[in-house]
Amino acid sequence: MNGGDGGEVAAAPSAGPPPPLEWKFSQVFGERTAGEEVQEVDIISAIEFDKIGDHLATGDRGGRVVLFERTDTKEHGGSRRDLERMDYPVSRHPEFRYKTEFQSHEPEFDYLKSLEIEEKINKIRWCQTANGALFLLSTNDKTIKFWKVQEKKVKKISEMNIDPSKAVGNCSASSSSVSSSPKPYLANGGYPDRSYSCLSNDVTFPPGGIPSLRLPVVTSTETSLVARCRRVYAHAHDYHINSISNNSDGETFISADDLRINLWNLEISNQSFNIVDVKPANMEDLTEVITSAEFHPTHCNMLGYSSSKGSIRLIDLRQSALCDSHSKLFEEQEAPGSRSFFTEIIASISDIKFAKDGRYILSRDYMTLKLWDINMDSGPVATLQVHEYLRPKLCDLYENDSIFDKFECCLSGDGLRVATGSYSNLFRVFGCTTGSTEATTLEASKNPMRRQVQTPSRPSRSLSSSLTRVVRRGSESPGVDANGNSYDFTTKLLHLAWHPTENSIACAAANSLYMYYA
Amino acid sequence: MSMVDEPLYPIAVLIDELKNDDIQLRLNSIRRLNTIARALGEERTRKELIPFLSENNDDDDEVLLAMAEELGVFIPYVGGVEYAHVLLPPLETLCTVEETCVRDKAVESLCRIGSQMRENDLVDWFIPLVKRLAAGEWFTARFSACGLFHIAYPSASEMLKTELRSIYSQLCQDDMPMVRRAAATNLGKFAATVEPAHLKTDIMSMFENLTQDDQDSVRLLAVEGCAALGKLLESQDCVTHILPVIVNFSQDKSWRVRYMVANQLYELCEAVGPEPTRTDLVPAYVRLLRDNEAEVRIAAAGKVTKFCRILDPELAVQHILPCVKELSSDSSQHVRSALASVIMGMAPVLGKDATIEQLLPIFLSLLKDEFPDVRLNIISKLDQVNQVIGIDLLSQSLLPAIVELAEDRHWRVRLAIIEYIPLLASQLGIGFFDDKLGALCMQWLQDKVYSIRDAAANNLKRLAEEFGPEWAMQHIIPQVLDMINNPHYLYRMTILHAISLLAPVMGSEITCSKLLPVVVTASKDRVPNIKFNVAKVLQSLIHIVDQSVVEKTIRPTLVELAEDPDVDVRYYANQALQSIDNVMMSS
């Protein structure tokens, strides 16, 4: 299975769809005990695997980032160079353990605009690892930070020149003489000339050096993980940041808010370039906002962004410095006669993801998942109904604002399947190859198949028959309950991620992180 | 654990603090590494300090950066050039760290050490190090290796040289774009050390690979290498190898690549010779001047003078000038602004007739541009045109432009024009200045923005220097002194400031007769801020006027101010009195 599979599959329908996967529970972190109340700050707001799937990061509303590391491949023999190339075989299903956590963002207050800035982590993106140190970008509504997480030796110094127990006063005195204290410290009455000025370069030492001096010896070999914020990319967004995405060149990334997309160099935090600006001259003319943006996984010049009107635009950074005109536009025409008050609201795309090979884009709107071939802008190659059964209830969903929930979506590393979240802590996995009828509903709990509907749904009649390649299915799958009465709109599964090389999904149910494999 | 002798105490602390918990103290110790080395002696530095530093590689980046820098000049402390190789291991580790600036510094230090090392030491120590880094597991090591080849290559044997070339070629095709970027950046330096025979084959094929890279960021850097490589090659080879590449680049799909070409193109003209310049580079440059992307036109417009200087003037008039005309009415203000900042330099290139005929209309239209930066850029380079055609032809349009800028609502624009007033004054001459601009200079003294008032005061001083005290006595001093009665204390303060600036230029006599009385009167002001500024001004006048005047006028005024109810006034008055005493003592 390599990245090219996705392309082949759609092109060669005769190959037949792969058999549906049997999902099994793997792990849970932060499981809630019965009756335990969820703290708002603990609710997970971002999940991201690194490129090779050895690490997983989650961010929460309290501004923390928690890292997990894979335990089942630690002893693989491949060289690091192979690791950088990101392909090596693994036999067992991925298992993770808690690695470390750090406070990425703190609540702030913008005094100029009288605005509170939440510490909630909106997105996390991994960057290129080097020397075993991990790098990642995390962002809240306004500020992006670049973190380095690294093992550091715990220092235990012996063999000092000055016995620390005997020379406490002296030590602190000498420290203060270099740090900030301007007045000479003479508490012990000892060394009035101890300041460093006497160490100017013209001091002469005996040619053989001074034998009684010795270097400190570090004895301890223990290590601990330390996270350091290397750079802060601030003050570049007037609106809330909804996405960040790394470029394949390894040196730049973008950040997108409601109306603009900015391009940054990872090494430069004090300037960024605005590459997309959809802000109208008069804000009253505003009809569409940017909801998500992502770089193409291999083409450094291409990026896609989605809008609240349900369109995806592909832009080419080579064409011009300010890419307000897109090079490709993907949107589906609404079938005539089916317009309603909610049409525009549910058309809004909450998330887009490129497939690993870069040929397909997966998008999620309120009712469906759509898969687009970037070479075909006439319509999606597949439309998957996620919760069609909610259609009669749109009015209620509008009343309680659930209709504005932003569900994320993800693709498997081989591009054969897609997944997205739903209500009642459910998430759905679909086969997205032509002819596939795989449509599984799982619950984020220790028994994911509890609510599984055994009968595989068959493809439904396409609404717009002119789009012959469009596959619609899953619409008849009633989930748990045909009335949908038992659906709980307060427990929604918004964030999930597919392991880059294996069939393993990590998803967030409130404050708990559930992992499944197949 | 031992106690050290008292005189050694500071150095002992310095050594201990190499491992202190406080990063400032560690940094301090690293910065004094040479002192530590001298205290330990050369042998123990080699055997203990350097290995100790090699293991100190997980410190904070700031400390590592300082260490990389210090080690670059460490040869004297390890026993001279013959022991230089002991410095390589710690720097090799620093070449692999994650932070780019640390690696760059380590590479720089390695190059510095390598260029001093003896030839056989290079073969024994330096070349193996380069090979190790180039085969490094993480991209960071391979990245650093690219910057070391030009030091390693010259002293290598034939066989090793072949190997080094093939390693570099691999680095040019590395999986990681970071490594390919480093290889592209350093290709020119490396190529300069490679024999001509291999230059044409090996280096050119690496170059070609880089020019076809998928990543725009790599191709960008390959463009930068074009000029460097072109200069190394015979002009004929340059025409066959580099010229097609740069012409291709000038039509690259990525505007960033074309932008780089626009910036670099003129450098290649000399390398390829006049004929290919005419047939290939001029058309390529003309295309860039008419590029769809404004950023590319900005870069191209900014180089228009440099390009024309190399060209035959006839070619410039025929091909470049029409584009310049188009650019002067470009839709992007930044393009016009870039053009305005260099276009005046074309006058000497084209000569008097062509300038009057062709350039003058462009100057005039740019002087009327709606965007202030464009006008400012023209004005800032006025002297270049003046030398060729004189200023009279321009002065009619110049005045409205200046007046409009002087009254622009953005204070930064006003500030910029003030800075050019002395230049304008010297170019336009006294007569023109008196008629038209004198009033403006006074008007700025009463601007709403402090920075403008401050600049205006400075401007008066520079004008007085330019036209001499006599002129200033007539045209500046009376107007300035009039304003000391302004009802607003901030404006009175500006005048005091102007007086203190003008006094040294005007000389002792005028200062005593005209300026000093005004200052003394101001010491009776009701606003304390004015009074302590009077004290400051008086202090600055001490050195200009006679001692008798100091005793007769300045001191009594200050003594009075020293009794003032306001603490600040007393403070500055006392300061001034003190400096009078100091002058007395020293004389």
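Turning to chain B, the UniProt annotation filed under Sequence similarities (unreviewed entry) states: "Belongs to the phosphatase 2A regulatory subunit A family."

With an unreviewed UniProt entry as reference, chain A is termed Serine/threonine-protein phosphatase 2A 55 kDa regulatory subunit B, source organism Cinchona calisaya. Looking at the Function (unreviewed entry) heading of the UniProt record, one finds this comment for chain A: "The B regulatory subunit may modulate substrate selectivity and catalytic activity, and may also direct the localization of the catalytic enzyme to a particular subcellular compartment."

*Asks:* Quick one: what's the story with the packing of aromatic side chains, residue by residue and with numbers?
*Replies:* Residue and element names in this part refer to chain A. The tally for this structure, following the rule as stated, stands at 33 aromatic pairs over all chains. Their ring planes at 75° and their centres at 5.6 Å tell us that Trp23 and Trp498 sit as a pair that is edge-to-face. Placement of Trp23 in the loop between helix H1 (5–11) and strand E1 (24–29) and of Trp498 in strand E32 (residues 496–498) is noted, with a sequence separation of 475 residues between them. With respect to burial, Trp23 and Trp498 carry one shared label: buried. With centroids separated by 5.8 Å and ring planes inclined at 55°, the aromatic side chains of Phe49 and Phe96 adopt a geometry described as tilted. Here the residue Phe49 occupies a position in strand E2 (residues 44–49), and Phe96 occupies one in strand E5 (residues 96–103), the gap between them amounting to 47 residues. The residues Phe49 and Phe96 share a single accessibility class, namely buried.

*Asks:* Got a sec to walk through the interface of chain A and chain B? Specific residues and values, please.
*Replies:* Often the size quoted for an interface is simply the accessible area lost on bringing the parts together. Counting residues at the interface gives 66 residues for chain A and 66 residues for chain B. Carbon and sulfur atoms make up 51% of the surface buried where chain A meets chain B, a total of about 6100 Å² over both sides. When the buried surface of chain A facing chain B is broken down by residue, Leu213, Leu215 and Arg318 of chain A rank first, second and third, together holding 12% of it. Inspection of the region where chain A meets chain B yields 10 salt bridges. Of the charged contacts in the structure, one is a salt bridge between Asp216 of chain B and Arg318 of chain A, with a shortest N-O distance of 2.8 Å. Scanning the region where chain A abuts chain B turns up 21 residue pairs in polar contact (both at pLDDT 80 or more).

Cut-offs used in this document
Residues numbered from 1 in each chain as written. Chains lettered and ligands numbered in written order. Predicted model: local features only at pLDDT ≥ 70, side-chain atom pairs only at ≥ 80, totals over all residues. Heavy atoms only, no water. UniProt positions renumbered as here; feature names shortened; annotations may be inferred. Phe/Tyr/Trp six-rings, centres within 6.5 Å; stacked < 30°, edge-to-face > 60°. Helix = DSSP H or I, 4+ residues; strand = E, 2+ residues; numbered from the N terminus. Buried < 20%, exposed > 50% of the residue type's maximum accessible area, 1.4 Å probe, protein only. Contact = heavy atoms within 4.5 Å. Buried area = accessible area lost by both parts, 1.4 Å probe. Salt bridge = Lys/Arg side-chain N within 4 Å of Asp/Glu carboxyl O. Polar contact = N/O pair within 3.5 Å; in protein donor to acceptor, adjacent residues only side chain to side chain.

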